[in-house]
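# Commentary on secondary and tertiary structure
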Amino acid sequence: MALVLDAVSDTLLPRRYQEEIFVRAQQGNVIAALDTGSGKTFISTLLIKWIASREVGRDKIIVFLVPKVALVQQQGDFIGKQTTLRVRQFSGATAHDMGDRDGWKKELEDADVFVMTAQIFLNLITHSHLGVDKVSLIVFDECHHTRKNHAYNGIMREYFQSPAGTRPKIFGMTASPIWNPKNAADSLATLERNLDAKVIAVKEHADELSGHSPKPTEIIQLYPTPPATYPEYPSKSLRRRLDLEHLPPEIGIPVDKILTRYEVTFHSLGPFGAELFLYMEVKQRVAQLVQDALDFSMDYMTPAQYAQTALAQPMLSGAHDNVHPRLREIDKTLETFGDFFGTPESGDPKEIPLGWCSPKVCKLAETLFDRYTESFQGIIFVEQRHVATCLALMLSRIPILQHIIRSEQLVGHGKDTANAHTKGMGTRNQQDTVKMFRERVVNVLVATSVAEEGLDFPACDVVIRFDPVQHMVGYVQSRGRARHKTSTFIIMLQEGAQSQAERYLQFSQSEPHLKQVYQERDLGQKVSVEEEEETHDDPADIAERERYVVPSTGAVLTYTSAIGLLNHLCSLIPRDKFTPMHVPTYEGDFSATVRLPSSLPLPTDLLVYEGPLRRSKKEAKRAAAFLAVKSLHALNVFDDYLLPTKSTRGRKNEDPDGIPIGNVDKVPDMLDAQVHDPWVQGRTLWLHIVRLDGRPTAGLVTGTPLPDVELVASDFFISIDQPREVVLDPRHAWSQRREMEDYTRMGLWWCITGRGITLPLTCYLVPINRDCKIDFEAIELAVLNPFGSYNWEGIGEEHYGHLMYINNKEAGHPLILSRFRPDISPSTRPPEGSREAAFPTYRAYWLHKYTRKGRAPFIREDGPCVEGFVLDRNSSSAYSLDNDLSPAFLPSNPTAVILPLEICRWAVIPEHVYRTLFLLPQLCHRVTDVWRAREARIALKLPPISEDLLIQALTLPTTTARFNNQRLETLGDSVLKLAAVVHLYNKFPHRHEGQLDAMKRVAVANRTLLARAIERCLERYLSGESPSLRMWRYTASSQDELFSLRPDRRASRRFPRKSMQDCMEAILGASFATAGIDMALLAGSVLGVSLGGPAPWNIRYGLRIPKSEPSPLFATLQETLGYSFEHGQLLLEAVTHPSFGSIDSSSYQRLEFLGDALIDMVVTDYLYKKFPEATSGQLSWARSRAVCATALASIAVKRLQLHQLLLINNVELSIAIGKYVPVLEDISEDEVILSGWKHDPPKALSDVFESVMGALLVDCDYKYDKAAAVIEMIMEDILVKLRPDLPRDPVSQLMVWVAKAGCTCVSFAKSQSRPELRRHDCMAVLVHGIAVAGPIPAPNTSMAKGLAAEEARRVLDDPESPHYLPRTCVCGKEEMAVEEEEVAVEVAMDVDKAELDDETTQGFATLARITLDEVEQPAPPAEGDDADVQQGEDEEELTLSPEVPAEDREAIEEREVEEMMMHIDMDA
């Protein structure tokens, strides 16, 4: 079917013959038999619009099917242009994965018409994405393909399985409905039966149709028989020089196949064409083999060896050691013929004399020359791809055609797409070639059958059948390309080829009779719906075919789909480059046996399936595959949609246990949460006696009974007693509450905030009497003088060191009375070196300092003076979980200050009370943490996790407290990974590593943890408050809350959503740190994490495997491990590489999956315990050094000699391991830790170590502690070298350094060291677009990146270098600040580093900022550093503009206090 889209207008109107077909299509299922170019697709759009407008089309999809990928866009664009319907196009490259159920569901909801290849639609039916009953119309383009095992026929088989009333309408389109002209009636009837439709042709408007679809003039062009020899062709031919017959078979070139094609090409094109084919084919194959050998040679070189080899000119011979000498010889021979067959560097390609061409090509050239015009366009049809390729290259080099013919090939995709040398044209190349032909850039196409149908071509002047016509469809379809009234259709026949001439004449003469067969048919005839009796399938076999429908989903298994399903399953089995593609193998003839790869984790007896006896080999193979798929579905290897279970896509909305995962896409980056908080007031008040070093000092009153807590702060051991209810005098309850609040406000001002508090307080700290009751008399006395008393009578030496007072003119810091100074008066001259020494008298200094707005304080010249020590207010609530001694109440060397007594007031607060007030922030913080942790434990039903660890797990890093959950989060991440892996390994014994890994990623994904945290309202228990209390936090929003019967114990907080998933992992880490893996399983179960339940592993999974004696092969290994295996088959599995293909044991991939998580957990646990002060980032980096491939491979070789036990059946891998073993034996542990990234040992070495450790865990019945002890012992040499301050890898170091420098114009750039390597093996570092390091080659890009970063760091930091960064960077300060701000925001939003591209400046800058934050992750501040904590992290604390400097803030606060005191003085 061809249609020129450029000629289609938006208002295209149907012709009368199109309306005729459309009307008949409305009445029933029809097959429109119309010539090419007659507008069949337009008729289909009329039908599509008609169906879409009717009730029968409501809530159903319309499907337009095409047989070839290239037709999808062409037909989809046309339908979209002619209708207002929502048209979606699907081909292999654009379709969703069949496992992506959500993706397909959305497509079905958002589309009205699907234009797709037939196989995709059949897959949708097979996997129950779409039922036939959900389709209103199916259009089959080029429907003559509905025969045998074509996907069209498979779709119709499912059509017939639907009840008659639910079937969609069928509309077929073809120019050649009859495939076999010898039996036209039966051929037509078969097509009609298969499509459940009637073939119709135009009857009433045939004259109009013939006017729009003219027939070309048909000519038979005879050519002479080709000669046996061509004397004019050079005698030193490539064929003789290559001598392929004597090529050693181990090279791997299929000589017989190549020579067979050579002979065919020689006969068809002549000696030059044949040798051109030979040159291109052998050159491509040799290049691939040389490339494979070079890749293998260079993959496991050290960086120095690789650079020396790659950059040498020419490449060092050592790189070619693995290239067979005969290959190198052939390669040199081909080079000598390069100018002969290709385009020489000196000019145009060599002309091809007609004496070098076959008579057939000569006649073709003569024909093209004779028929050439300026607007000439033609298509030459050939049968084979390689002939098309060679002929297209030859035509423009033949002298008579050289300046008039511009030819290109147009061939299909080819079946063997895995090999570059046999691959056909891709869809994009096909479309580009057709476009060039339509735009007349090319005027001749040399095409295979791909151009016979469907593709959108203009009508051609000449269409030539260069090779004989093989069937009726090819004759009709190719002739349809010549549809001008003046077009010519030329059939080239060899003189004397009687059979070819007879076949053509049969096609030509029978066509009118064949058309008459269906033109005279009546639409009312009933069409049979029996199954087609296929040429190669026995009817009895077809009758015995089964069909299996999965009851729960409707997914369909048939004989025709079973083989494809098995192939798809095997293709997903993970493999390395040394393991061939996994495929099922078939044995037997009329009773086939299918054997599945041993890498599928199934018992041996479940890998083999024997099918029933059938009458053909193909049918026997299908029957065996059908039985295998059906059995594997019962084993849950295939899911209920007949997809490999838990494929990597489409299953992200439920965890591995099938529990739905909520959608978290709309969860904001910053969460506003109502956090549980104990600080309320209510009608009932509770008194808690506060004790310092065991002595009762004050009472803490609040509306919540608080837990008894203990902590150490400022040299005091602080504790509170059990709560007791406060009984107030009913007559004075309000005034007593008011007095307690005023007293607390006063204490807070003196000791903590230095500013007034206007909101109601939620807790009071009050004095108590000897009976440990509230001392209201002391309260009443104190609140009369809230800012202190001027009356110093009665104050004497007994108050030295105990009395607190304040300077009215400088209220920022209270003081502790040291002594009175009768020896000094305001008129005394200050001593040298004092702060007052610049003034003649103390009074002059005071008058200068305390004069505000021109108002000088009143200070007598002879008044008394007092000396005291400055006491900093305590505005930080930070405390330590370790009860270490924080800074003392007074510094060891306090600053002495002399003041006139008349501007000083002393606090009417007893010493034991104000000391308690100074400690109130830490006490309240600790009470909040303990109360919140206990609430969380009860509400979430957590196991008895250590209270301090649970508090730590719930504390966010945004608090800048002295502890947070980041260390526990790192530990918990490893716990989660191991627990999930153990669960999946045991729950799904028949899943391979790829499937298990996909499920693990879902189980441990941040979105899964976030969803589970939201389900459990975890945000209610998180502690995200800043330790700063410059604005007192414990207040109510209104007076109404004070007398509530049911106080609302919640507070509004805001924190990043990432905190939720971090806390989930931190709780797992806290539970593991408390009581090991068993408690972690309990915690994970109540948190909803997919860990398999709370039961210990040894109870759940122990004693499952029968015991067996290990082979003597493993005696030394067990001795080295210090552990004796009880299950020998585990060790055998652990050392079996996938390439070994043992029928007695699976490969090590599943155990490797288990061992990877186990080693990660053991190393993390080791580091967590050994370095209690290390940050999360330091723990993660140190762990990564111990579990990298180089570290594990070195242990495998040096400690366990696993390379000697590894069962491998691959020569290349064995050679690669042999080359790297000496390197690993010589490398030191320090080099492994510091420079492991410079090595790239074969992955099999690290894999086998992980698999043996996984086997160890299974063998000891999953007793983690036992397995961990063995692993720590084996890895001891590596572990002892780890430390928190390990230097980062060069890439991280460069990123950190660049981020600190503020440069945002850095990126990596990859390139090739030399063209023949055909890999990006070089990396350079660009700064402001200039390469400052590299390109540096290495065996892999990650290693090259490290080497380039190492060099760039050196160059950029060298003042002598022309690239010295401080001198060359032009990033402006303002731009840098903006960029840093943007990056900081982006990082805060939980950016996935894997999505960032460091080959762009923006991606590099963002990664650099993230890395800087990780590297410089601050350790929680010590208590002495709390004063430096940035203020204003909580919204309620934002009072002053952040632009105001700290010293100015103090001055503002002092002026506020001074003015407040002046008002108090005036009132007095």
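From a predicted model like this one, the values you see are computed outputs, not experimental measurements.

### Here we look at the sheet that holds strand β34 (residues 1330-1337)
Hydrogen bonding along the main chain pairs the strands of a sheet, whether they run parallel or antiparallel. Ordered by their spatial adjacency, three strands build an open sheet running β32-β33-β34, and the pairing between neighbours is antiparallel. Single-partner strands in this sheet number two, and they are β32 (1306-1311) and β34. Across the sheet, the axes of successive neighbouring strands diverge by a mean angle of 20°, strand direction being ignored. Both strand β33 (residues 1322-1327) and β34 contribute to a ladder of five bridges, which runs antiparallel. Pairing of Val 1327 across the sheet is with Ile 1330, part of β34. On the sheet, helix α44 (residues 1341-1356) packs against β32, β33 and β34 and is oriented at approximately 140° with respect to β34.

### What about the side chain of Glu 619?
Mapped onto the secondary structure, Glu 619 falls in helix α22 (residues 617-634). Accessibility expressed as a relative area gives 0% for Glu 619, which makes it buried. In contact with Glu 619, not counting residues within four places along its chain, are Asp 537, Asp 541, Arg 545, Tyr 559 and Arg 614.

### What to know about the pattern of salt bridges
Under the counting rule described, the total for this entry stands at 57 salt bridges. When the shortest N-O distance is used, the salt bridge between Asp 655 and Arg 1012 registers 3.0 Å. Placement of the pair is Asp 655 in the loop between α22 and β19 (670-676) and Arg 1012 in helix α30 (residues 1006-1015), with a sequence separation of 357 residues. Taking relative accessible area as the criterion, Asp 655 reaches 2% and is therefore assigned buried. Residue Arg 1183 pairs with Asp 1160 through a salt bridge whose shortest N-O separation is 3.7 Å.

### Some details on the sheet that holds strand β10 (residues 407-410)
Here six strands make up an open sheet; going across it, the order is β8-β13-β12-β9-β11-β10 and the pairing parallel. Two strands lie at the open edges of the sheet, namely β8 (217-223) and β10, each paired on one side alone. Strand-to-strand, the axes of this sheet are offset by a mean angle of 20°, without reference to chain direction. The pairing of strand β9 (residues 378-381) with strand β12 (residues 462-465) spans four bridges and is classified as parallel. Bridge pairing in β12 links Phe 381 to Arg 465.

### So, the packing of aromatic side chains
For the structure on display, the rule yields 33 aromatic pairs. Ring geometry for Tyr 230 versus Phe 266: centroids 5.6 Å apart, planes at 80°, classification edge-to-face. Remark: Phe 266 occurs in helix α10 (residues 255-269) and Tyr 230 occurs in the loop between β8 and α9 (238-242); sequence separation between them is 36 residues. The exposure class assigned to Tyr 230 is buried, which follows from its relative accessible area of 11%. Each member of the aromatic cluster is reached from another via a ring pair, and the members are Tyr 233, Phe 272, Tyr 279, Phe 337, Phe 340, Phe 341 and Trp 356. One cation-aromatic arrangement involves Arg 239 over Tyr 262; the distance from NZ or CZ to the ring centre is 5.5 Å. Over the ring of Tyr 586 we find Lys 621, and its NZ or CZ is 4.8 Å from the ring centre.

Thresholds, definitions, all that
Residues numbered from 1 in each chain as written. Predicted model: local features only at pLDDT ≥ 70, side-chain atom pairs only at ≥ 80, totals over all residues. Heavy atoms only, no water. Pairing = 2+ DSSP bridges. Helix = DSSP H or I, 4+ residues; strand = E, 2+ residues; numbered from the N terminus. Axes fitted to C-alpha atoms, helices over the stretch in contact; angles between N-to-C directions. Contact = heavy atoms within 4.5 Å. Buried < 20%, exposed > 50% of the residue type's maximum accessible area, 1.4 Å probe, protein only. Salt bridge = Lys/Arg side-chain N within 4 Å of Asp/Glu carboxyl O. Phe/Tyr/Trp six-rings, centres within 6.5 Å; stacked < 30°, edge-to-face > 60°. Lys NZ or Arg CZ within 6 Å of the ring centre and 35° of its normal.

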